[in-house]
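Survey of secondary and tertiary structure
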Amino acid sequence: MGNKWSSEQLAWKIRRHGIEMTHLSGGSHIGAIMSVADIIAVLYSDVIKYKEDEPRWDERDRFILSKGHAGASIYAALAEVGFFDVDELKTHYQNGSRLSGHVSHHLPGVDFSTGSLGHGLSAGVGMAYALKKDEKENKVYVVLGDGECDEGSVWEAALFANHFRLNNLVAIIDYNHMQSLDFNENTLELNDLGEKWKAFGWNVVEINGNSHDELKVAFKQAEDNSKKSNHKPTVIIANTIKGYGISFMQNDVLWHYRFPHSGWEYDSAVNELHANMPEGVEDIYTPEGIQNPILPTENDDVCNDHTFTHTWNTSYPEKMRRVEAVPGSSAREYKI
Ligand SMILES: Cc1ncc(C[n+]2csc(CCOP(=O)(O)OP(=O)(O)O)c2C)c(N)n1
Ligand SMILES: [Mg+2]
(Lines give C-alpha, C1' and ligand atoms only; values in the text may rest on other atoms or scores of the structure.)
(Ligands and ions follow the chains in the order given, each with its own letter.)
Protein backbone atom coordinates (compact mmCIF):
# COMPACT_ATOMS: atom_id res chain seq x y z
CA MET A 1 0.00 0.00 0.00
CA GLY A 2 1.54 3.24 -1.20
CA ASN A 3 0.15 5.95 1.10
CA LYS A 4 1.32 8.26 -1.64
CA TRP A 5 -1.53 10.73 -1.22
CA SER A 6 -3.83 11.79 1.59
CA SER A 7 -7.47 10.98 0.92
CA GLU A 8 -8.20 14.69 0.30
CA GLN A 9 -5.41 14.93 -2.25
CA LEU A 10 -6.47 11.75 -4.00
CA ALA A 11 -10.13 12.78 -4.12
CA TRP A 12 -9.16 16.10 -5.72
CA LYS A 13 -7.02 14.31 -8.28
CA ILE A 14 -9.81 11.87 -9.13
CA ARG A 15 -12.16 14.81 -9.72
CA ARG A 16 -9.64 16.74 -11.82
CA HIS A 17 -8.80 13.70 -13.95
CA GLY A 18 -12.50 12.90 -14.24
CA ILE A 19 -13.24 16.34 -15.69
CA GLU A 20 -10.35 16.07 -18.16
CA MET A 21 -11.01 12.46 -19.17
CA THR A 22 -14.69 12.98 -19.93
CA HIS A 23 -14.00 16.35 -21.59
CA LEU A 24 -11.33 14.93 -23.89
CA SER A 25 -13.28 11.84 -24.86
CA GLY A 26 -16.81 13.22 -24.92
CA GLY A 27 -17.49 10.40 -22.47
CA SER A 28 -20.25 10.48 -19.92
CA HIS A 29 -21.11 9.76 -16.27
CA ILE A 30 -19.23 12.67 -14.74
CA GLY A 31 -21.93 13.01 -12.04
CA ALA A 32 -21.37 9.40 -10.99
CA ILE A 33 -17.58 9.91 -10.93
CA MET A 34 -17.86 12.99 -8.69
CA SER A 35 -20.30 11.17 -6.41
CA VAL A 36 -17.99 8.22 -5.73
CA ALA A 37 -14.64 10.08 -5.73
CA ASP A 38 -14.43 10.40 -1.93
CA ILE A 39 -15.26 6.74 -1.31
CA ILE A 40 -12.56 5.58 -3.72
CA ALA A 41 -10.03 8.10 -2.42
CA VAL A 42 -10.44 6.97 1.19
CA LEU A 43 -10.24 3.30 0.15
CA TYR A 44 -7.01 3.78 -1.83
CA SER A 45 -5.33 6.15 0.62
CA ASP A 46 -6.24 4.53 3.92
CA VAL A 47 -7.97 1.18 3.66
CA ILE A 48 -7.16 -1.20 0.80
CA LYS A 49 -4.03 -3.38 0.93
CA TYR A 50 -2.32 -3.45 -2.47
CA LYS A 51 1.09 -3.49 -4.11
CA GLU A 52 1.10 -1.21 -7.13
CA ASP A 53 4.19 -2.96 -8.55
CA GLU A 54 2.67 -6.41 -7.98
CA PRO A 55 -1.02 -6.14 -8.97
CA ARG A 56 -1.70 -9.87 -8.45
CA TRP A 57 -0.08 -9.96 -5.00
CA ASP A 58 -1.79 -12.81 -3.18
CA GLU A 59 -2.37 -10.88 0.02
CA ARG A 60 -4.08 -7.93 -1.68
CA ASP A 61 -7.58 -6.88 -0.75
CA ARG A 62 -10.03 -7.16 -3.63
CA PHE A 63 -11.89 -4.16 -4.94
CA ILE A 64 -14.83 -4.10 -7.36
CA LEU A 65 -16.42 -0.92 -8.68
CA SER A 66 -19.76 -2.49 -9.44
CA LYS A 67 -21.18 0.81 -10.74
CA GLY A 68 -18.73 0.41 -13.60
CA HIS A 69 -20.01 3.44 -15.54
CA ALA A 70 -17.90 5.55 -13.14
CA GLY A 71 -14.77 3.80 -14.48
CA ALA A 72 -12.80 7.04 -14.80
CA SER A 73 -12.78 7.35 -10.98
CA ILE A 74 -11.02 4.06 -10.34
CA TYR A 75 -8.70 4.51 -13.35
CA ALA A 76 -7.60 7.87 -11.95
CA ALA A 77 -7.01 6.41 -8.49
CA LEU A 78 -5.05 3.42 -9.80
CA ALA A 79 -2.85 5.63 -11.97
CA GLU A 80 -2.22 8.08 -9.14
CA VAL A 81 -1.15 5.36 -6.69
CA GLY A 82 1.20 3.88 -9.30
CA PHE A 83 -0.44 0.94 -11.08
CA PHE A 84 0.15 2.58 -14.49
CA ASP A 85 1.23 5.85 -15.99
CA VAL A 86 -0.97 8.88 -15.31
CA ASP A 87 -0.44 9.90 -18.97
CA GLU A 88 -2.49 6.92 -20.09
CA LEU A 89 -5.60 8.48 -18.53
CA LYS A 90 -5.84 10.75 -21.57
CA THR A 91 -6.72 7.71 -23.72
CA HIS A 92 -9.92 7.03 -21.76
CA TYR A 93 -12.86 6.07 -23.99
CA GLN A 94 -10.71 6.28 -27.15
CA ASN A 95 -10.51 3.51 -29.73
CA GLY A 96 -7.91 0.92 -28.77
CA SER A 97 -7.45 2.19 -25.21
CA ARG A 98 -7.25 -0.15 -22.22
CA LEU A 99 -9.31 2.44 -20.36
CA SER A 100 -12.72 1.60 -21.74
CA GLY A 101 -15.66 3.72 -20.61
CA HIS A 102 -16.72 0.99 -18.20
CA VAL A 103 -14.23 -0.81 -15.96
CA SER A 104 -11.93 -3.30 -17.68
CA HIS A 105 -9.90 -6.03 -15.99
CA HIS A 106 -7.22 -5.62 -18.66
CA LEU A 107 -5.78 -2.91 -16.46
CA PRO A 108 -3.37 -3.71 -13.64
CA GLY A 109 -5.17 -3.31 -10.31
CA VAL A 110 -8.58 -4.33 -11.66
CA ASP A 111 -9.80 -7.81 -10.71
CA PHE A 112 -13.23 -7.72 -12.32
CA SER A 113 -14.77 -5.93 -15.30
CA THR A 114 -18.04 -4.12 -14.65
CA GLY A 115 -20.56 -1.95 -16.45
CA SER A 116 -23.56 -4.18 -16.67
CA LEU A 117 -25.08 -3.25 -13.32
CA GLY A 118 -25.91 -5.88 -10.72
CA HIS A 119 -22.97 -8.25 -11.11
CA GLY A 120 -20.25 -6.83 -8.86
CA LEU A 121 -21.63 -7.95 -5.53
CA SER A 122 -22.11 -11.52 -6.74
CA ALA A 123 -18.50 -11.61 -7.93
CA GLY A 124 -17.33 -10.08 -4.65
CA VAL A 125 -19.30 -12.63 -2.66
CA GLY A 126 -17.59 -15.41 -4.60
CA MET A 127 -14.18 -13.92 -3.90
CA ALA A 128 -14.95 -13.46 -0.21
CA TYR A 129 -16.27 -17.03 0.04
CA ALA A 130 -13.13 -18.45 -1.59
CA LEU A 131 -10.79 -16.35 0.56
CA LYS A 132 -12.61 -17.44 3.69
CA LYS A 133 -12.42 -21.10 2.73
CA ASP A 134 -8.67 -20.67 2.25
CA GLU A 135 -8.49 -19.03 5.72
CA LYS A 136 -7.07 -15.83 4.23
CA GLU A 137 -7.17 -12.46 5.95
CA ASN A 138 -7.84 -10.41 2.79
CA LYS A 139 -10.97 -8.28 2.57
CA VAL A 140 -13.28 -7.71 -0.38
CA TYR A 141 -14.73 -4.23 -1.02
CA VAL A 142 -17.57 -3.71 -3.49
CA VAL A 143 -18.99 -0.28 -4.39
CA LEU A 144 -22.55 -0.28 -5.75
CA GLY A 145 -24.85 2.44 -7.00
CA ASP A 146 -28.21 2.95 -5.30
CA GLY A 147 -30.05 2.62 -8.61
CA GLU A 148 -28.05 -0.56 -9.12
CA CYS A 149 -29.79 -1.95 -6.04
CA ASP A 150 -32.90 -2.27 -8.23
CA GLU A 151 -31.21 -5.35 -9.70
CA GLY A 152 -32.51 -8.59 -8.17
CA SER A 153 -29.08 -10.20 -8.33
CA VAL A 154 -27.84 -7.76 -5.68
CA TRP A 155 -30.28 -9.20 -3.17
CA GLU A 156 -29.46 -12.80 -4.04
CA ALA A 157 -25.81 -12.01 -3.38
CA ALA A 158 -26.78 -10.30 -0.11
CA LEU A 159 -28.59 -13.44 1.04
CA PHE A 160 -25.61 -15.62 0.17
CA ALA A 161 -23.17 -13.34 2.01
CA ASN A 162 -25.25 -13.54 5.16
CA HIS A 163 -25.79 -17.29 4.91
CA PHE A 164 -22.07 -17.96 4.62
CA ARG A 165 -21.19 -15.33 7.25
CA LEU A 166 -18.86 -13.43 4.92
CA ASN A 167 -17.49 -10.95 7.44
CA ASN A 168 -14.52 -10.33 5.12
CA LEU A 169 -16.91 -8.57 2.72
CA VAL A 170 -17.75 -4.85 2.79
CA ALA A 171 -20.33 -3.39 0.41
CA ILE A 172 -20.52 0.37 0.01
CA ILE A 173 -23.64 1.92 -1.53
CA ASP A 174 -23.10 5.26 -3.24
CA TYR A 175 -26.48 6.56 -2.09
CA ASN A 176 -26.94 9.72 -4.16
CA HIS A 177 -30.68 9.15 -4.57
CA MET A 178 -30.41 9.46 -8.35
CA GLN A 179 -30.19 7.08 -11.27
CA SER A 180 -29.86 7.99 -14.93
CA LEU A 181 -32.64 10.45 -15.70
CA ASP A 182 -34.45 10.86 -12.37
CA PHE A 183 -34.49 10.39 -8.60
CA ASN A 184 -34.81 6.85 -7.31
CA GLU A 185 -38.06 7.83 -5.65
CA ASN A 186 -39.58 8.58 -9.04
CA THR A 187 -38.11 5.48 -10.68
CA LEU A 188 -38.27 2.59 -8.23
CA GLU A 189 -38.38 3.40 -4.54
CA LEU A 190 -35.82 1.88 -2.20
CA ASN A 191 -37.63 3.14 0.92
CA ASP A 192 -35.46 2.51 4.00
CA LEU A 193 -32.40 1.00 2.41
CA GLY A 194 -30.59 0.41 5.72
CA GLU A 195 -33.52 -1.57 7.13
CA LYS A 196 -33.54 -3.73 4.00
CA TRP A 197 -29.88 -4.68 4.40
CA LYS A 198 -30.43 -5.28 8.12
CA ALA A 199 -33.28 -7.63 7.28
CA PHE A 200 -30.90 -9.48 4.96
CA GLY A 201 -28.61 -10.09 7.95
CA TRP A 202 -25.95 -7.45 7.34
CA ASN A 203 -24.22 -5.10 9.75
CA VAL A 204 -25.32 -1.64 8.57
CA VAL A 205 -23.35 1.59 8.95
CA GLU A 206 -24.94 4.79 7.58
CA ILE A 207 -22.81 7.87 6.96
CA ASN A 208 -22.20 10.96 4.85
CA GLY A 209 -20.29 9.41 1.97
CA ASN A 210 -18.62 12.65 0.91
CA SER A 211 -17.07 13.11 4.39
CA HIS A 212 -13.63 11.55 4.61
CA ASP A 213 -13.78 11.50 8.42
CA GLU A 214 -17.05 9.59 8.39
CA LEU A 215 -15.83 7.21 5.70
CA LYS A 216 -12.70 6.42 7.72
CA VAL A 217 -14.75 5.71 10.86
CA ALA A 218 -17.11 3.50 8.85
CA PHE A 219 -14.26 1.43 7.37
CA LYS A 220 -12.80 1.03 10.87
CA GLN A 221 -16.20 -0.19 12.08
CA ALA A 222 -16.33 -2.69 9.21
CA GLU A 223 -12.87 -3.91 10.21
CA ASP A 224 -13.90 -4.26 13.88
CA ASN A 225 -17.07 -6.02 12.83
CA SER A 226 -15.13 -8.55 10.80
CA LYS A 227 -13.53 -9.75 14.03
CA LYS A 228 -16.80 -10.23 15.90
CA SER A 229 -18.22 -13.66 16.48
CA ASN A 230 -21.49 -12.91 14.65
CA HIS A 231 -19.51 -12.91 11.37
CA LYS A 232 -21.87 -10.56 9.55
CA PRO A 233 -20.88 -8.85 6.32
CA THR A 234 -20.95 -5.04 6.53
CA VAL A 235 -22.71 -2.58 4.26
CA ILE A 236 -21.85 1.11 4.39
CA ILE A 237 -24.77 3.23 3.22
CA ALA A 238 -22.82 6.26 2.02
CA ASN A 239 -25.15 9.22 1.53
CA THR A 240 -23.58 11.20 -1.28
CA ILE A 241 -24.42 14.02 -3.66
CA LYS A 242 -24.27 13.20 -7.34
CA GLY A 243 -21.87 15.62 -9.04
CA TYR A 244 -20.33 16.55 -5.69
CA GLY A 245 -17.64 19.21 -5.93
CA ILE A 246 -18.89 21.08 -9.00
CA SER A 247 -21.82 23.29 -8.02
CA PHE A 248 -23.69 23.26 -11.31
CA MET A 249 -23.47 19.47 -11.63
CA GLN A 250 -24.77 18.68 -8.16
CA ASN A 251 -28.13 16.94 -7.91
CA ASP A 252 -28.81 17.49 -11.58
CA VAL A 253 -29.58 14.46 -13.72
CA LEU A 254 -28.28 16.29 -16.78
CA TRP A 255 -24.78 15.37 -15.66
CA HIS A 256 -25.37 11.65 -15.60
CA TYR A 257 -24.71 11.32 -19.34
CA ARG A 258 -23.34 14.78 -20.18
CA PHE A 259 -19.63 15.64 -20.26
CA PRO A 260 -18.14 19.09 -19.63
CA HIS A 261 -18.16 20.79 -23.02
CA SER A 262 -15.60 23.38 -24.11
CA GLY A 263 -16.59 26.84 -22.93
CA TRP A 264 -18.18 27.79 -19.62
CA GLU A 265 -18.84 24.16 -18.58
CA TYR A 266 -15.19 23.07 -18.72
CA ASP A 267 -13.80 26.44 -17.55
CA SER A 268 -16.13 26.73 -14.55
CA ALA A 269 -15.57 23.11 -13.51
CA VAL A 270 -11.78 23.48 -13.59
CA ASN A 271 -11.84 26.78 -11.75
CA GLU A 272 -14.18 25.48 -9.06
CA LEU A 273 -11.75 22.64 -8.45
CA HIS A 274 -8.85 25.10 -8.33
CA ALA A 275 -10.69 27.10 -5.69
CA ASN A 276 -10.62 24.01 -3.46
CA MET A 277 -7.21 22.58 -4.33
CA PRO A 278 -5.47 20.88 -1.39
CA GLU A 279 -1.84 21.62 -0.52
CA GLY A 280 0.71 19.41 -2.22
CA VAL A 281 -1.10 18.57 -5.46
CA GLU A 282 -0.47 19.84 -8.96
CA ASP A 283 -2.82 20.16 -11.88
CA ILE A 284 -1.00 18.60 -14.82
CA TYR A 285 -3.57 19.87 -17.34
CA THR A 286 -4.11 23.50 -16.36
CA PRO A 287 -1.49 24.27 -13.68
CA GLU A 288 -2.78 27.79 -13.00
CA GLY A 289 -6.45 27.08 -13.59
CA ILE A 290 -8.13 28.82 -16.53
CA GLN A 291 -7.20 32.45 -17.03
CA ASN A 292 -10.02 34.58 -18.48
CA PRO A 293 -12.56 31.75 -18.24
CA ILE A 294 -15.65 31.72 -20.42
CA LEU A 295 -18.62 32.37 -18.15
CA PRO A 296 -22.19 31.18 -18.61
CA THR A 297 -24.54 33.72 -20.17
CA GLU A 298 -28.20 34.23 -19.36
CA ASN A 299 -29.17 31.85 -22.14
CA ASP A 300 -27.00 29.02 -20.90
CA ASP A 301 -28.69 26.11 -19.20
CA VAL A 302 -27.21 26.36 -15.71
CA CYS A 303 -28.89 24.72 -12.76
CA ASN A 304 -32.19 23.95 -14.41
CA ASP A 305 -34.30 20.99 -13.50
CA HIS A 306 -33.57 18.19 -15.91
CA THR A 307 -35.45 15.41 -14.19
CA PHE A 308 -37.29 13.27 -16.69
CA THR A 309 -40.57 13.28 -14.86
CA HIS A 310 -40.64 16.93 -13.93
CA THR A 311 -39.23 18.86 -16.87
CA TRP A 312 -40.16 16.72 -19.81
CA ASN A 313 -43.54 15.65 -18.54
CA THR A 314 -45.10 18.64 -16.86
CA SER A 315 -48.25 16.72 -15.94
CA TYR A 316 -46.21 14.66 -13.48
CA PRO A 317 -46.64 15.83 -9.89
CA GLU A 318 -43.72 17.62 -8.33
CA LYS A 319 -42.36 14.78 -6.26
CA MET A 320 -38.88 15.82 -5.36
CA ARG A 321 -37.00 15.11 -2.21
CA ARG A 322 -35.00 17.84 -0.62
CA VAL A 323 -31.31 17.23 -1.11
CA GLU A 324 -28.79 19.21 0.89
CA ALA A 325 -26.53 21.24 -1.33
CA VAL A 326 -22.87 21.76 -0.57
CA PRO A 327 -22.59 24.93 1.55
CA GLY A 328 -21.88 27.91 -0.67
CA SER A 329 -22.79 26.11 -3.86
CA SER A 330 -25.53 27.16 -6.22
CA ALA A 331 -27.09 23.72 -6.44
CA ARG A 332 -30.83 23.66 -6.07
CA GLU A 333 -32.71 22.31 -3.11
CA TYR A 334 -35.70 20.17 -3.95
CA LYS A 335 -39.08 20.32 -2.29
CA ILE A 336 -40.09 17.41 -0.11
C1 LIG B 1 -27.83 -3.96 -16.37
C2 LIG B 1 -27.73 -2.51 -16.75
N3 LIG B 1 -28.85 -1.82 -17.06
C4 LIG B 1 -28.77 -0.51 -17.42
C5 LIG B 1 -27.56 0.12 -17.48
C6 LIG B 1 -27.47 1.57 -17.93
N7 LIG B 1 -27.12 2.45 -16.82
C8 LIG B 1 -25.88 2.97 -16.70
S9 LIG B 1 -25.72 3.90 -15.32
C10 LIG B 1 -27.33 3.66 -14.89
C11 LIG B 1 -27.89 4.29 -13.64
C12 LIG B 1 -27.20 3.81 -12.42
O13 LIG B 1 -27.64 4.48 -11.29
P14 LIG B 1 -26.89 4.29 -9.94
O15 LIG B 1 -26.63 2.84 -9.70
O16 LIG B 1 -27.69 4.97 -8.90
O17 LIG B 1 -25.49 4.98 -10.19
P18 LIG B 1 -25.07 6.52 -10.09
O19 LIG B 1 -24.75 6.94 -11.50
O20 LIG B 1 -26.21 7.31 -9.53
O21 LIG B 1 -23.92 6.57 -9.20
C22 LIG B 1 -27.98 2.85 -15.81
C23 LIG B 1 -29.39 2.43 -15.72
C24 LIG B 1 -26.41 -0.65 -17.15
N25 LIG B 1 -25.18 -0.10 -17.16
N26 LIG B 1 -26.52 -1.94 -16.77
MG1 LIG C 1 -27.36 6.74 -7.88
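Located above this text is the structure these notes cover.
What comes next is a walk through the structure. (Residues numbered from 1 in each chain as written. Chains lettered and ligands numbered in written order. Predicted model: local features only at pLDDT ≥ 70, side-chain atom pairs only at ≥ 80, totals over all residues.)

**Looking at the overall build of the chain**
When you go through the chain residue by residue, the secondary structure sums to 11 helices and 7 strands. Expressed as a percentage of the 336 residues in the chain, the buried residues total 48%. When contacts within the chain are restricted to residue pairs at least 6 apart in sequence, those whose partners lie at least 24 apart make up 74%. (Helix = DSSP H or I, 4+ residues; strand = E, 2+ residues; numbered from the N terminus. Buried ≥ 20, exposed ≤ 12 C-beta atoms within 10 Å, placed from the backbone. Contact = placed C-beta atoms within 7 Å.)

**Observations concerning the pairing of strand 1 (residues 62–65)**
A regular strand carries its side chains on alternate faces of the sheet. Side chains of strand 1 alternate between two faces, with Arg62 and Ile64 and Phe63 and Leu65 buried alike. Here 4 bridges tie strand 1 to strand 2 (residues 140–145), and the two strands are oriented parallel to one another. Counterpart to Leu65 in the pairing with strand 2 is Val143. (Pairing = 2+ DSSP bridges.)

**Description of helix 5 (residues 152–163)**
Over its 12 residues, helix 5 runs 17 Å from end to end, which matches the ideal 16 Å to within 8%, given 1.5 Å per residue. Of all the positions in helix 5, only Val154, Ala157, Ala158, Ala161 and Asn162 are classed as buried. Taken end-on, helix 5 shows its buried residues confined to a sector of 135 degrees, consistent with a single buried face. More than 90 degrees from the buried face of helix 5, the exposed residues found are Gly152, Leu159 and His163. Elements that come into contact with the buried residues of helix 5 comprise helix 4 (120–133), strand 2, strand 3 (169–175) and helix 7 (193–199). (Expected span 1.5 Å × (residues − 1). Arc of directions from axis to C-beta.)

**So, the packing of helix 2 (residues 30–47) against helix 3 (residues 71–80)**
Taken N-terminus to C-terminus, the directions of helix 2 and helix 3 make an angle of 30 degrees; their axes are 9 Å apart at the nearest point. Remark: the crossing between helix 2 and helix 3 carries right-handed chirality. Here helix 2 contributes Ile33, Val36, Ala37, Ile40, Ala41 and Tyr44 to the contact with helix 3, which in turn contributes Ala72, Ser73, Ile74 and Ala77. Split by residue class, the contact of helix 2 with helix 3 holds 9 nonpolar, 1 polar and no charged. (Axes fitted to C-alpha atoms, helices over the stretch in contact; angles between N-to-C directions. Left-handed = near helix turned anticlockwise from the far one by under 90°. Nonpolar A, V, L, I, M, F, W, Y, C, P; charged D, E, K, R; others polar.)

**A look at the site of ligand 1**
Ala32, Gly145, Gly147, Glu148 and Gln179 are the nearest of the 19 residues found near ligand 1. Elements represented by at least two residues in the shell around ligand 1 include exactly helix 2 and strand 4 (178–179). Grouping the amino acids of the shell around ligand 1 by side-chain chemistry returns 3 nonpolar, 11 polar and 5 charged. (Near = placed C-beta within 6 Å.)

**What about the packing of helix 4 against helix 5?**
Helix packing geometry: the angle between the two helix axes and the distance between the axes. Where helix 4 meets helix 5, the closest approach of the two axes is 8 Å, and the angle between their N-to-C directions is 20 degrees. Classified by the interaxial angle, the pair formed by helix 4 and helix 5 is roughly parallel. Handedness of the helix 4/helix 5 crossing: left-handed. Taking contact as the criterion, the partners of Leu121, Ser122 and Val125 in helix 4 are, on helix 5, Ser153, Val154, Ala157, Phe160 and Ala161. Of the residues in the contact of helix 4 with helix 5, the class split is 6 nonpolar, 2 polar and no charged. (Parallel < 35°, antiparallel > 145°, perpendicular 65-115°, else oblique.)

**Considerations on the nonpolar core**
In terms of nonpolar packing, the biggest core is built from 87 residues, with Ile40, Ala77, Ile173 and Ile236 touching the most fellow members. In terms of residue count, helix 2 provides more of this core than any other element does, 13 residues in total. Once you skip the residues sitting within four places of it in the chain, Ala77 turns out to touch Leu10, Ile14, Ile40, Ala41 and Tyr44. (Core = buried A, V, L, I, M, F, W, Y, C linked by C-beta atoms within 7 Å.)

By themselves these figures say nothing about function.
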